[in-house]
Every structure is written in structure tokens, then in C-alpha cells.
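Architecture at a glance
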Amino acid sequence: MNITDIKPPDIITHIEQNFSRTQATGLNCLIFLSLREQTTVAYQRKEWGFEDIPEQIITWCDSLKECELIQLAEEIASGLLDEIIGAAVEPTNAQIVTMQAIEAKANTPLLSDY
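Heads up: these notes are all about the structure in this document.

Rules behind the numbers
- Residues numbered from 1 in each chain as written.
- Predicted model: local features only at pLDDT ≥ 70, side-chain atom pairs only at ≥ 80, totals over all residues.
- Heavy atoms only, no water.
- Helix = DSSP H or I, 4+ residues; strand = E, 2+ residues; numbered from the N terminus.
- Expected span 1.5 Å × (residues − 1).
- Buried < 20%, exposed > 50% of the residue type's maximum accessible area, 1.4 Å probe, protein only.
- Contact = heavy atoms within 4.5 Å.
- Patch = residues over 30% accessible without salt bridge, like charges linked within 9 Å, V, L, I, M, F, W, Y side chains within 5 Å.
- Areas by Shrake-Rupley, 256 points an atom, 1.4 Å probe, with all protein chains shown as cover.
- Salt bridge = Lys/Arg side-chain N within 4 Å of Asp/Glu carboxyl O.
- Axes fitted to C-alpha atoms, helices over the stretch in contact; angles between N-to-C directions.
- Parallel < 35°, antiparallel > 145°, perpendicular 65-115°, else oblique.
- Left-handed = near helix turned anticlockwise from the far one by under 90°.
- Nonpolar A, V, L, I, M, F, W, Y, C, P; charged D, E, K, R; others polar.

Points about helix α5 (residues 66-89)
Count 3.6 residues to each turn of an α-helix, and residues three or four apart come out pointing the same way. With 24 residues, α5 extends 34 Å from end C-alpha to end C-alpha; this agrees with the ideal 34 Å at 1.5 Å per step. Along α5, the residues that are buried comprise E68, L69, L72, A73, I76 and L80. In this structure, the buried residues of α5 make contact with α1 (8-18), α2 (21-37), α3 (41-48) and α4 (55-62).

Here is the structure:
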């Protein structure tokens, strides 16, 4: 694939298939820092030492236009948020609850009987 053919959805697909949550968060941080500091993502990677993020992805990010880079950052953040919310909502140790009938007693004691 030619570097000029890379689009944010291609990078998102690669991230979803290959990145851990910490790597995706780190990449997003580098993207936002590069936008704020008006530098490249590669420069931010070198400055902050995020060596766990592959250089190929960094190169792909730097080939994007600013609006595409912002779109990519938004999609990464949205995916991370969906993952966090999904983990918080999904039960981890759910047990099946079965209904049990309560047998009626002929002479139910009253509180005053005690």
C-alpha cells in the first residue's frame, strides 16, 4: 500500500487488530501533542519515547492532512471510550439466579409472639 493511499480508517483497522489499550492511548497522546505543538507525530514519539508504537504507524499518521489526523484522533478516542464503557457495563462474574418458591406455613408466628 502506497503511503499516500493511507486513510484514517486503514490506521484504525490496524490499531484495532494490533494495539493494546495503552498503545492506542499513547498514539492518541502523540497525535494531540503534535497538533498542539505544530510538530510531527514522529517528533513527539522521539521526544516522549513511546517506543512501543510502531514507526510504520507514526509514518502513516504523519502522511495525513491535519483534518484527517484530527479525525483519526477522534476515532481512536471514541474507540477507547467504547471499550472502557463496555468493560464497565459487562458483568464479569454473573451468576444465574433461579427462583425458589416459599412454602406457606400454617401458623406463621407474629413478631409479638417472640
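Here's the deal with a nonpolar patch on the surface
A cluster of nonpolar side chains, contributed by L81, I85 and V89, occupies part of the molecular surface with about 300 Å² of accessible area. If you trace the backbone, I85 turns up in helix α5.

Comments concerning the packing of α2 against α3
Relative to each other, α2 and α3 sit at 115°, their axes nearing to 8 Å. Between α2 and α3, the interaxial angle falls into the category roughly perpendicular. Judged by the sense of rotation from one axis to the other, the crossing of α2 with α3 is right-handed. Taken together, the residues of α3 that come into contact with α2 (itself represented by L27, L30, I31, L33, S34 and E37) are V41, Q44, R45 and W48. Taken together, the residues that form the contact of α2 with α3 break down as 6 nonpolar, 2 polar and 2 charged.

None of this, on its own, says anything about what the molecule does.
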